[in-house]
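One-letter residues, chain by chain:
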Amino acid sequence: MNPILMSVALIAGLVVFSYSMYRRIALLTRLGPENRIGNIRERIALLFKIGLGQSKLVGRQRERSSGAMHFFIFWGFLILGLREIIIFGEAFTPGFQELLPLLGSASIGAYLYTFVYDLFEAIVVVMVLFAFYRRIVVVPERLNINAEGSLILALILGVVSTDLIHEAGRFNLVTLYGYDLHLLSHPVFGTEMDWAPFAALLAAATASWGEGMMAMFYQLGFWSHILIVLFFLNLLPISKHMHVITALPNVFFGSLGYPHTPVALLDLEDEEAWDKGALGLDRIEQLTWKQGLDLYTCTECGRCHDICPTYVTSKPLTLKWFNESLRDHMDEQQDNLLRTGKSEGEGSMVGDGMVIHPDTLWACTTCRACEEVCPVSIEHVPRIIAMRQAQTLMHDAQPAELNNTYRGLERNGNPWGLGYDQRADWVEGMDIPILTEPPAEDVDVVMWVGCMGSFDGRNQRIARATATLLQKAGVRFAMLGTTEKCTGDLARRSGNELLYQTLAKENVENLNRLQVKTVITQCPHCVNSLKNEYPQLDGHYEVFHHSQYIAKLVDEGRLKLAPSQEGTVTFHDPCYLGRYNNEYDAPRMLVERSSHEGLTEMKRSRNESFCCGAGGGRMWMEETIGTRVNEERVRQAYEVGATTIATACPFCMTMIDDGIKASGKEDEVQVLDVAELVLASLESEQG
Ligand code: SF4
Ligand code: SF4
């Protein structure tokens, strides 16, 4: 091979590549800081599981075949990386492979590696053909079919097929025409051809084509391979396929502690930030470098499409679209950002005719289904919340319906603004102590009722069912009565961090003053705030969702169940219990133990459950675009013949109840909380 030609190609390719990468990396360094360096061990574990193990691709039942396809192409890339070093080295030093540790002809490693890369080259050919089949014949709706994607696939096919052709030519030139082209050979292991079955097969198939043709295979295969690799490498940083480079780093720098990661605490004492209008995320330069890396890393695979309740119900939002809009804007502003650190013009990215339409920003229920399935760990919800913070705190541009809700929270500590002194009225007729002094020895747990349990008629019944179960099990508990306020979850998710922190600080102060250690609540949003977010404000408690606590009482034999529920019972996973707090089993155990037929799962369940439509403050906003999320969820329950939809969240309860009514099936289908199911089953034996 010609080392001068190779030097020219290599230097030109690497110089251009380095310049493109320099611009991308320089842009990321212009964005905001974020600490993603600590806990290296955990990060390496993430890299192995999600990055190298491709767990989010191969782990999904719904998409096994495309997951396997990506897995093999990805691993083909990794394995062929070493092969590229060998091929490029051969141009400078014939027999270059002999110089590499464990890859010389005396080592079994050389033959094993030959077998693996040959096998993977063949597999990658098949997988790329399968990918083309999916783009041309079956065409999943979630995919972007564009020329760039097809070009990338064609280049991958080119990389592996040219190497196979080069190898086949080499094998034939050595064995048929006596060329000295450094075929690996060992008295025990045999020759390289014995370990490269697919290249050897191609060699056998073309053996009769003559020496001239084989010499062309050898030379043309080699140089076209080199040119394709260099072209491919240089295409990546200037195209939407930058993710090929950034996917593994993005996984490595991913959020630790997911799914329990709290919203980042805003410093509301920072007067300069208020003066400059710099709270939240309003302009592209306010992204952190990790958020910028997220944008480069989106593969546009669209897995976040059909999992998103808003996309399914025709709202203008999915994580992929959101990423595309922001990334295109970042690309457009690249020169300005590199030059001045700022994007052009004034004003917010959010607005009618701007980068992100308000309908898009406010559609998100923060359900995190998209993050759950994203194969490269893109973090969407924190970015959405940061953008809402800018809208709410800096521009007072939240949806108008939220204004009354905020007012209610400010004045009376609940979203309806009902008299705070009525908060404990639901308890009438039940003997539940109210904590006014630090708990004495005779209180094991504090029941946090939540706004829905305190004020909403349907959810008050669940509060009563929960309290009754605790009483029957002999749990020593108390409640806070009028001292309890909304945890502030809806304010935080809708960007009103000021209101959230006001409510949360008051709650933490009261809980700490009363020396509360253990809390049980029927609301997963309260669980999430109390358990995962209040530690930011020095509130540290052991927090149980009522399904967890009741399941514990059942396990301990303090509540004895006999199935009472007839018909088909399904379970709707609340997002803030399942995806946010990883609890899928406790409520299922209670449903199964309470129902004669056990539990019938919906297609969308557990970590891929479909949101009810209430999270992220959406409960308090109008839903005027597309169809309604709750009605779609109820339809999914009907699909499996459910006559009872069990759930474990007051917001889900309300949304599903409304969905059933909207479908006119309230006489055939009911929605029950797990506490109600357990209480009914208990009453037939213990009660
Ligand atoms: S955000 Fe994730 S799931 Fe959605 S298109 Fe991008 S890579 Fe795919
Ligand atoms: S968090 Fe939920 S609603 Fe928001 S974009 Fe992701 S899947 Fe859609």
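Everything quoted here is computed from the prediction, not taken from an experiment.

The helix and strand inventory of the protein stands at 30 helices and 9 strands. Across its three principal directions, the C-alpha atoms of the protein cover 100 × 60 × 50 Å. Out of the 687 residues belonging to the protein, those deemed buried represent 46%. Here the contacts in the protein between residues at least 6 apart in sequence split such that 80% fall between residues at least 24 apart.

With respect to the helices and strands, Leu-28 occurs in helix H1 (residues 3-30). By C-beta crowding, Leu-28 is classed as partly exposed, having 19 other C-beta atoms within 10 Å. Taking C-alpha positions, Leu-28 is 28 Å from Cys-308, a pair spaced 280 residues apart along the chain.

Quick look at the packing of helix H6 (residues 147-177) against helix H9 (residues 211-235) now. Interhelical geometry of H6 versus H9 gives an angle of 150° and a closest axis separation of 7 Å. With respect to each other, H6 and H9 are oriented roughly antiparallel. For the crossing formed where H6 meets H9, the hand is left-handed. Considering only residue class, the contact of H6 with H9 consists of 15 nonpolar, 8 polar and 3 charged.

Around ligand 1 sit 14 residues in total, of which Cys-298, Cys-301, Cys-304, Lys-320 and Cys-374 are the nearest. It is helix H15 (residues 319-332) that provides the largest number of residues to the shell around ligand 1, a total of 3 residues. A per-class count over the shell around ligand 1 returns 8 nonpolar, 3 polar and 3 charged.

This part takes up unusual backbone geometry. In this structure, Pro-259 follows Tyr-258 across a cis peptide bond, with omega equal to 15°. For Gln-54, which is not glycine, the phi dihedral falls at a positive 55°. Along the chain, Gln-54 turns up in the loop between helix H2 (40-52) and helix H3 (55-58). For Gln-54, a count of 19 C-beta atoms within 10 Å corresponds to the partly exposed category. Despite not being glycine, Ser-377 shows a phi value in the positive range, around 55°. Relative to the elements of secondary structure, Ser-377 occurs in the loop between helix H18 (369-373) and helix H19 (381-394).

This part is about the site of ligand 2. For ligand 2, the set of nearby residues contains 17 residues, the closest of which are Cys-308, Cys-364, Cys-367, Ala-369 and Cys-370. Residue assignment for the shell around ligand 2 shows that the elements contributing at least two residues are helix H14 (309-312) and H18.

Turning our eyes to something else, we now look at the nonpolar core. Cys-308, Val-446, Leu-469, Ile-550, Leu-590, Ile-656 and Val-678 are the most contacted members of the largest nonpolar core, which totals 135 residues. With 7 residues, H19 is the single largest residue contributor to this core. When sequence neighbours within four positions are dropped, the list of residues in contact with Ile-550 reads Leu-469, Leu-559, Leu-590, Ala-675 and Val-678. Ala-122, Val-174, Ala-196 and Phe-222 belong to the second-largest nonpolar core, a separate cluster that totals 38 residues.

Moving on, we get to the domain arrangement of the protein. According to the domain assignment, the protein consists of domain 1 (3-245), domain 2 (271-394), domain 3 (401-555) and domain 4 (569-683). The C-alpha-based centres of domain 1 and domain 2 are spaced at 34 Å. Contact residues are listed per partner, giving 23 residues for domain 1 and 26 residues for domain 2. Secondary-structure elements contributing two or more residues to the side of domain 1 that touches domain 2 are H1 and H3. The greatest single-element share of the side of domain 1 that touches domain 2, amounting to 7 residues, is contributed by H1. For the side of domain 1 that touches domain 2, the residue count by class is 9 nonpolar, 5 polar and 9 charged.

With that settled, the discussion passes to the pairing of strand E6 (residues 542-545). Alignment of strand E5 (residues 518-521) against E6, held across 4 bridges, turns out to be parallel. Opposite Thr-521, over in E6, you have His-545 as the bridge partner. A crossover connection joins E5 to the parallel E6 through helix H25 (residues 524-533); in handedness this β-α-β unit is right-handed.

Okay, the sheet that holds strand E9 (residues 670-673) next. Spatially, E7-E8-E9 is the arrangement adopted by the 3 strands of the open sheet, whose pairing is parallel. Two strands in the sheet have a free side with no partner beyond their single neighbour: strand E7 (569-571) and E9. For this sheet the average axis-to-axis angle between neighbouring strands, irrespective of direction, equals 30°. Where helix H29 (residues 650-662) meets the sheet, its contacts fall on strand E8 (644-647) and E9, and the angle it forms with E9 comes to roughly 170°.

Taken in spatial order, the 4 strands make up an open sheet running E4-E3-E5-E6, and their pairing is parallel. Strands with a single pairing partner mark the edges of an open sheet, and in this sheet they are strand E4 (477-479) and E6. Between one strand and the next, the sheet's axes are offset by a mean angle of 30°, whatever the strand orientation. With 3 bridges connecting them, strand E3 (residues 445-448) and E4 associate as parallel partners. Directly across from Val-445, in E4, lies its bridge partner Phe-477. Contacts from H25 reach E3, E5 and E6 within the one sheet, and its direction differs from that of E6 by about 165°.

It is worth spelling out the packing of helix H22 (residues 457-472) against H29 at this point. Running from N to C, H22 and H29 cross one another at 135°; their axes reach a closest spacing of 10 Å. Looking at the two axes, H22 sits oblique to H29. Considering the relative orientation of H22 and H29, their crossing is right-handed. Note on element contacts: H29 touches H22 through Pro-650, Met-653, Thr-654 and Asp-657, opposite Arg-458, Asn-459 and Ile-462. Along the lines of polarity and charge, the residues of the contact of H22 with H29 split into 3 nonpolar, 2 polar and 2 charged.

Cut-off values and rules
- Residues numbered from 1 in each chain as written.
- Chains lettered and ligands numbered in written order.
- Predicted model: local features only at pLDDT ≥ 70, side-chain atom pairs only at ≥ 80, totals over all residues.
- Helix = DSSP H or I, 4+ residues; strand = E, 2+ residues; numbered from the N terminus.
- Buried ≥ 20, exposed ≤ 12 C-beta atoms within 10 Å, placed from the backbone.
- Contact = placed C-beta atoms within 7 Å.
- Axes fitted to C-alpha atoms, helices over the stretch in contact; angles between N-to-C directions.
- Parallel < 35°, antiparallel > 145°, perpendicular 65-115°, else oblique.
- Left-handed = near helix turned anticlockwise from the far one by under 90°.
- Nonpolar A, V, L, I, M, F, W, Y, C, P; charged D, E, K, R; others polar.
- Near = placed C-beta within 6 Å.
- Core = buried A, V, L, I, M, F, W, Y, C linked by C-beta atoms within 7 Å.
- Domains from an automatic or database assignment.
- Pairing = 2+ DSSP bridges.
- Right-handed = clockwise from strand over helix to strand, strands pointing away.

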